[in-house]
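# What the coordinates show
Each chain, written out:
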Amino acid sequence: MSVTVVDHPLIRHKLGLLRTHDISTSKFRALSIEITRLLTYEATKDLETEPLGITSWAGDIQVDTISGKMITVVPILRAGLGMMDGVIDMIPGTKISVVGFYRNEETLEPVQYYVKLAKNIEQRMAFILDPMLATGGTLMATIKLLKEAGCPKIRGLFLVAAPEGIARLEKEHPDVDIYVASVDDRLNDVGYILPGLGDAGDKIFGTK
Ligand code: URA
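First things first, this report covers the structure right here in the doc. All values reported here derive from a predicted model rather than from experimental measurement.

## Thoughts on unusual backbone geometry
- Here the amide bond leading from leucine 77 into arginine 78 is cis, since omega sits at -5 degrees, within 30 degrees of zero.
- Along the chain, the position of arginine 78 falls in the loop between β4 (71–75) and α3 (81–90).
- Even without a glycine there, the phi angle at asparagine 120 is positive, about 55 degrees.
- Counting through the fold element by element, asparagine 120 comes out in the loop between β7 (110–116) and β8 (125–129).

And the structure:
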C-alpha cells in the first residue's frame, strides 16, 4: 500500500484556506473541488493511454487517449459528493458509482443503504472519494463492496487522513493506494481528525 501526500504549494495553500474556521459554504465547496483536481492529476499519473489516429492541421497523426471505460469514481455519500466534480473536471467521461452507509449505533458498524455501481466494474479502476479518512470504517466497507463486485483496482482520494485510518487500511487492504492532501495528527475521542476540517459533510452541504 502506498500513501501519496500530494505535497504541492497550491495544495498547501488551498488546504490552509479550507481549514479556516467559519469558512463559507461556497468557498469550502470550491476549494474541495480544486484540491481534488490536483489529487486526481497525481492519482492518474500511471494510467495507460491508447493511440488514436486523428487528422491534425498538419495531416494525419497519432495521439494518446485515455479510455473513459477504464475508470469509475466512487463518492461515498454524502461528503464524497463534494469532491466528485474535481475528478469529473479532469476525466469528463468517467462513470460514477455511488455508495452510502449509515452507522449502526449499537454495533458501530457501517450498514449499506445505497449502492449503484457503474457497469463493467470488473474492468474499471475505482477512485473512492471521501474528504476525510478518519477511523476508516466506511472506507473498509466500500472497498469490500467494490472487491466483491469484481473491481480489480482501487485507489482512494482524501483531503485529509488520520494516521489511525491509514494504519487500518494498510492492515486490511494493503493493495489499495491512497492520495491525500495531508496526513494530520490524530483522531479525537469522537473520531474527528485533528486539526482536520471539522465536519466536512456539513461544510459542503451547508448544514452546520
Ligand atoms: N468526518 C468528518 O467530517 N470530519 C472528521 O474529522 C472525521 C470524519
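Now that the structure has been shown, we can carry on.
## Some remarks on the environment of lysine 147
- Mapped onto the elements of the fold, lysine 147 is located in helix α4 (residues 137–148).
- Here lysine 147 falls in the partly exposed class, since its relative accessible area comes to 31%.
- Leave out the neighbours within four places in its chain, and lysine 147 touches Ile154, His173 and Asp175.

## Quick look at helix α2 (residues 25–43)
- In this model, α2 (19 residues) spans 26 Å end to end at C-alpha, consistent with the 27 Å of a helix rising 1.5 Å per residue.
- Considering only its buried residues, α2 is in contact with α1 (9–18), α3, β8, β10 (153–161), β11 (177–183) and α6 (200–205).

## A word on the pattern of salt bridges
- Scanning the entire structure with this criterion turns up 10 salt bridges.
- The partner of arginine 37 in a salt bridge is aspartate 89, with the nearest N and O atoms 2.7 Å apart. Within this pair, whereas arginine 37 is found in helix α2, its partner aspartate 89 is found in helix α3, the two being separated by 52 residues in sequence.
- Overall, arginine 37 belongs to the partly exposed group, its relative accessible area being 31%.
- Among the salt bridges present, the one from lysine 45 reaches glutamate 42, with a minimum N-O distance of 3.3 Å.
- Lysine 45 sits in the exposed class, given a relative accessible area of 61%.

Calculation rules
- Residues numbered from 1 in each chain as written.
- Predicted model: local features only at pLDDT ≥ 70, side-chain atom pairs only at ≥ 80, totals over all residues.
- Heavy atoms only, no water.
- Helix = DSSP H or I, 4+ residues; strand = E, 2+ residues; numbered from the N terminus.
- Buried < 20%, exposed > 50% of the residue type's maximum accessible area, 1.4 Å probe, protein only.
- Contact = heavy atoms within 4.5 Å.
- Expected span 1.5 Å × (residues − 1).
- Salt bridge = Lys/Arg side-chain N within 4 Å of Asp/Glu carboxyl O.

No statement about biological role is implied by the geometric values presented.
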